[in-house]
Amino acid sequence: MRYAISYVSSVSHTLSNDQIQEVLDYSRNWNIEHNITGILLYSEGNFFQVLEGDKDLLQSLFSRISMDERHRNLITLFRKEVSETKFNTYKSDFISLDSRFQGKNIALYFSQIEKLNPEIQSSVRYILNKFTEGIKLS
Ligand SMILES: Cc1cc2nc3c(=O)[nH]c(=O)nc-3n(C[C@H](O)[C@H](O)[C@H](O)COP(=O)(O)O)c2cc1C
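None of these values were measured; they are calculated from a predicted model.

Participant: With reference to specific residues and values, describe the overall build of the chain.
Facilitator: Across its full length, the chain carries four helices and five strands. Each helix and strand of the chain, ordered N terminal to C terminal, gives the series β-α-β-β-α-β-β-α-α. Within the chain, the proportion of its 138 residues that are buried is 46%. If you take every contact in the chain between residues at least 6 apart in sequence, the share linking residues at least 24 apart comes to 76%. Accessible surface, the chain as shown: approximately 7,400 Å² in total, 51% of it carbon and sulfur.

Here you go:
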């Protein structure tokens, strides 16, 4: 059974940009190896992640992520079973929205979201809008 989990969280105060990049890189490699799809955004102290994958695998990954001390104040947005669709071949992509972020990339990220399972696509688009609002204005 395919499963989807999404949450927002705040980065721990002690984390440098390089350490945040390490989280993004590690996650991308592990997820691609384990056929987990989705996105991870970092923006001004906050993470936003969507994960889609095998239910058992995702539940155990999410318990590791929840206990990770590199972030805190984790709020789960949704956790649910999703049907198999052609979009499930999409590979993970992680987006870093820090000082190195290029505003022009936002359109690309929205188009990547279209590759996510349609059942979760609209809520994810809504949150991504909120998440990038400040950046789009600047
Ligand atoms: C915001 C955030 C997102 C993460 N996302 C993932 C992820 O998608 N996949 C992954 O394998 N690890 C992710 N991690 C790392 C895990 O929390 C954990 O360090 C990793 O699964 C290794 O676990 P272990 O040290 O218990 O073996 C994330 C960590 C943070 C702080």
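Participant: Lay out the layout of surface pockets with the relevant residues and their values.
Facilitator: Where empty space is left can be seen by rolling a probe of water-molecule size over the atoms. By volume, the largest pocket amounts to about 330 Å³. Among the secondary structure elements, those contributing two or more residues to the lining of the largest pocket are helix H1 (17–33), strand E3 (46–54) and helix H2 (55–67). For the lining of the largest pocket, the leading source of residues is H1, giving six residues. Here the lining of the largest pocket is built from residues that sort into nine nonpolar, four polar and four charged.

Participant: So what's going on with the site of the ligand? Which residues, and what values?
Facilitator: Around the ligand, 15 residues are found, and the nearest of them are Asn31, Gln49, Arg64, Asp68 and Arg70. Here an oxygen atom of the ligand sits 2.6 Å away from a polar atom, N or O, in the side chain of Asp68. Contact between the ligand and Arg70: an oxygen atom at 3.0 Å from a side-chain N or O atom of the residue. Isolated, the ligand exposes 620 Å² of accessible area, and the fraction of that covered by the protein chains is 78%. Judged by its atoms lying within 2 Å of the grid points, the ligand is housed in the largest pocket. Among the elements of the structure, H1, E3 and H2 are those that each provide at least two residues to the shell around the ligand. With five residues, H1 is the single largest residue contributor to the shell around the ligand. Among the residues forming the shell around the ligand, the class breakdown is eight nonpolar, four polar and three charged.

Participant: Talk me through H1; I want residue IDs and the actual numbers.
Facilitator: For H1, built from 17 residues, the straight-helix expectation of 24 Å at 1.5 Å per residue is met to within 8% by its first-to-last C-alpha distance of 25 Å. Here H1 has its buried residues at Ile20, Val23, Leu24, Ser27, Trp30 and Asn31. Within H1, the buried residues cover an arc of 145° as seen down the axis, which keeps them to one side. In H1, the exposed residues that point more than 90 degrees away from the buried face are Asp18, Glu22, Tyr26 and Glu33. At the C-terminal side of H1, Asn35 shows a positive phi close to 55°.

Calculation notes
- Residues numbered from 1 in each chain as written.
- Predicted model: local features only at pLDDT ≥ 70, side-chain atom pairs only at ≥ 80, totals over all residues.
- Heavy atoms only, no water.
- Helix = DSSP H or I, 4+ residues; strand = E, 2+ residues; numbered from the N terminus.
- Buried < 20%, exposed > 50% of the residue type's maximum accessible area, 1.4 Å probe, protein only.
- Contact = heavy atoms within 4.5 Å.
- Areas by Shrake-Rupley, 256 points an atom, 1.4 Å probe, with all protein chains shown as cover.
- 1 Å grid on protein atoms, 1.4 Å probe; cavity = no way out; pocket = protein on both sides within 12 Å on 5 of 7 lines; lining within 4 Å.
- Points joined across faces, edges and corners; volume = space filled by probe spheres on them.
- Nonpolar A, V, L, I, M, F, W, Y, C, P; charged D, E, K, R; others polar.
- Near = heavy atom within 4 Å.
- Polar contact = N/O pair within 3.5 Å; in protein donor to acceptor, adjacent residues only side chain to side chain.
- Sits in = over half its atoms within 2 Å of the grid points.
- Expected span 1.5 Å × (residues − 1).
- Arc of directions from axis to C-beta.

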